[in-house]
Amino acid sequence: MGKLALAAKITHVPSMYLSELPGPQNGCRQAAIDGHYEIGRRCRELNVDTIVVFDSHWLVNSAFHINCGEHFQGIYTSNELPHFIKDMSFEYDGNPEFGQLMQEEISKTGIRVQAHNIKSLELEYGTLVPMRYMNQDKKFKVVSVSAFLTSHELEDSRKFGEGLLKAIEKYDGTVAVFASGSLSHRFIWDREVSRGMDSYTREWDRQVDKHVVGMWKNAQWPEFIAMLPEYAEYCYGEGGMHDTAMLLGLLGWDQYDKPVEIITDAFPSSGTGQINAIFPVE
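Since the structure is predicted, the reported quantities are computational estimates derived from the model, not experimental observations.

1. Here's the deal with the side chain of H57
Link 1 in the chain: Of note, H57 is situated in strand β2 (residues 50-60).
Link 2 in the chain: Judged by its relative accessible area of 18%, H57 falls in the buried class.
Link 3 in the chain: In this structure the side chain of H57 is engaged in a polar contact, spanning 3.2 Å, whose partner is the side chain of E238.
Link 4 in the chain: Apart from the residues within four sequence positions on either side, H57 is in contact with H12, E80, E124, Y125, G126 and E238.

2. Comments concerning the packing of helix α3 (residues 96-107) against helix α5 (residues 154-170)
Link 1 in the chain: Packing of α3 against α5 brings their axes to within 8 Å, and their N-to-C directions diverge by 125°. On the basis of the axis angle, α3 is oblique to α5. Remark: the crossing between α3 and α5 carries right-handed chirality. Together, F98, L101, M102, E105 and I106 of α3 and F160, G163, L164, K166, A167, I168 and K170 of α5 make up the contact between the two elements.
Link 2 in the chain: A breakdown of the residues in the contact of α3 with α5 according to their chemical character gives eight nonpolar, one polar and three charged.

3. A short note on the nonpolar core
Link 1 in the chain: Membership of the largest hydrophobic core comes to 55 residues, with the highest contact counts inside it found for F54, F98, M102, F160 and F279.
Link 2 in the chain: Among all residues touching M102, those that are not within four sequence positions of it are V52, I66, V143, V145, F160, L164 and A167.
Link 3 in the chain: C43, L128, M131 and M134 belong to the second-largest nonpolar core, a separate cluster that totals 37 residues.

4. A few points about the pattern of salt bridges
Between side chains of opposite charge, a pair can form as their charged atoms come close.
Link 1 in the chain: Evaluated as defined, the whole model comprises 17 salt bridges.
Link 2 in the chain: Notably, a salt bridge pairs E105 with K108, separated by 3.0 Å at the nearest N-O pair.
Link 3 in the chain: Taking relative accessible area as the criterion, K108 reaches 58% and is therefore assigned exposed.
Link 4 in the chain: Of the charged contacts in the structure, one is a salt bridge between R206 and E203, with a shortest N-O distance of 2.7 Å. With R206 and E203 both in helix α6 (residues 203-217) and three residues apart, the pair spans about one turn of that helix.
Link 5 in the chain: A relative accessible area of 36% places R206 in the partly exposed class.
Link 6 in the chain: Overlapping salt bridges bring together E38, R41, R42, E45 and E261 as one network.

5. Here's the deal with the environment of I85
Link 1 in the chain: With respect to the helices, strands and loops of the structure, I85 is situated in the loop between β4 (71-76) and β5 (88-93).
Link 2 in the chain: The exposure class assigned to I85 is buried, which follows from its relative accessible area of 0%.
Link 3 in the chain: Remark: the alpha-carbon pair of I85 and V129, spanning 44 residues in sequence, is separated by 9.4 Å.
Link 4 in the chain: Not counting chain neighbours up to four residues away, the residues in contact with I85 comprise P14, Y17, Y76, T77, S78, Y125 and V129.

6. Looking at the packing of aromatic side chains
Link 1 in the chain: Scanning all chains against the criterion turns up 12 aromatic pairs.
Link 2 in the chain: When the centroid spacing of 6.1 Å and the interplanar angle of 85° are considered together, the rings of F54 and F160 count as edge-to-face. Of this pair, F54 sits in strand β2 while F160 sits in helix α5, and the two are 106 residues apart along the sequence. Pair check on accessibility: F54 and F160 agree, each one buried.
Link 3 in the chain: One aromatic cluster is present, formed by W216, W221, F224, Y231, Y256 and F279 through successive ring pairs.
Link 4 in the chain: One Lys or Arg, R186, reaches over the ring of W189 and ends 4.2 Å from the middle of that ring.
Link 5 in the chain: Looking at R186, its charged tip hangs above the ring of Y236, at a distance of 5.1 Å from the centre.

7. Focus: the sheet that holds strand β9 (residues 261-269)
Link 1 in the chain: Taken in spatial order, the eight strands make up an open sheet running β6-β3-β7-β2-β8-β1-β10-β9, and their pairing is mixed. Looking at the sheet topology across the chains shown, the edges are occupied by β6 (113-116) and β9. If you compare each strand with its neighbour and ignore which way they point, the axes differ by 20° on average.
Link 2 in the chain: Across the sheet, helix α4 (residues 125-134) is in contact with β1 (3-10), β2, β7 (141-149) and β8 (174-180); its angle to β2 comes to roughly 150°.

The rules behind each value
Residues numbered from 1 in each chain as written. Predicted model: local features only at pLDDT ≥ 70, side-chain atom pairs only at ≥ 80, totals over all residues. Heavy atoms only, no water. Helix = DSSP H or I, 4+ residues; strand = E, 2+ residues; numbered from the N terminus. Buried < 20%, exposed > 50% of the residue type's maximum accessible area, 1.4 Å probe, protein only. Polar contact = N/O pair within 3.5 Å; in protein donor to acceptor, adjacent residues only side chain to side chain. Contact = heavy atoms within 4.5 Å. Axes fitted to C-alpha atoms, helices over the stretch in contact; angles between N-to-C directions. Parallel < 35°, antiparallel > 145°, perpendicular 65-115°, else oblique. Left-handed = near helix turned anticlockwise from the far one by under 90°. Nonpolar A, V, L, I, M, F, W, Y, C, P; charged D, E, K, R; others polar. Core = buried A, V, L, I, M, F, W, Y, C linked by side-chain atoms within 4.5 Å. Salt bridge = Lys/Arg side-chain N within 4 Å of Asp/Glu carboxyl O. Phe/Tyr/Trp six-rings, centres within 6.5 Å; stacked < 30°, edge-to-face > 60°. Lys NZ or Arg CZ within 6 Å of the ring centre and 35° of its normal. Pairing = 2+ DSSP bridges.

Right under this line is the structure:
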């Protein structure tokens, strides 16, 4: 019987990579990087063999999709922000067997889901950035899930999480699951970019994020879930916040009752709200 060992909501801001490089932004995201190192350390301590990432940078227009290729290797430059992530090398093993098991179990919930072992299907930076810091030694197999969903209901993302839990229970191994996406996500206007690296675009977003993090700390999950659709809409949730709905579906939805552990305090990045927070599991 498999085990869900760790679950978390994590940042993947491309300025983490920029933070490594010489120049004016050197060191600017060290707290977020250190948070990823700590989450990776805990995964090793818990004997995790596979990490599943709900990637809010993998955009799909139909169905749910799982990238469970055998091996991922290459040099990545972001089409969206090539001045932030350029020529970033990566190499990780995948887990096709678990990806297929995910498809089988998740499809039983009634949603459309497909698993892909396609060599040319690449990873997006919502997966690549966290793995850069959590998986430097290639200890963990990686499975990436589309979580930028343009024609999907949050309720179906909940079902995805519920089905994933069933797959983990049938898997002969130990799994960690990460919702890779932001809190609020209103990017700074381009003409105001000079003030945007370390600030929110709108005070509204800062205040709502602050309130939401407080709810998470106080385990107010029924209340948070009730406001999730509006939060995603009014605060421009990244990928519609489907990554968060998947994570909470995995953990029991409004029956989840544990306060989060903040690993990296909430912070603004290019106008958006970011955090690294562990959602305790049994």
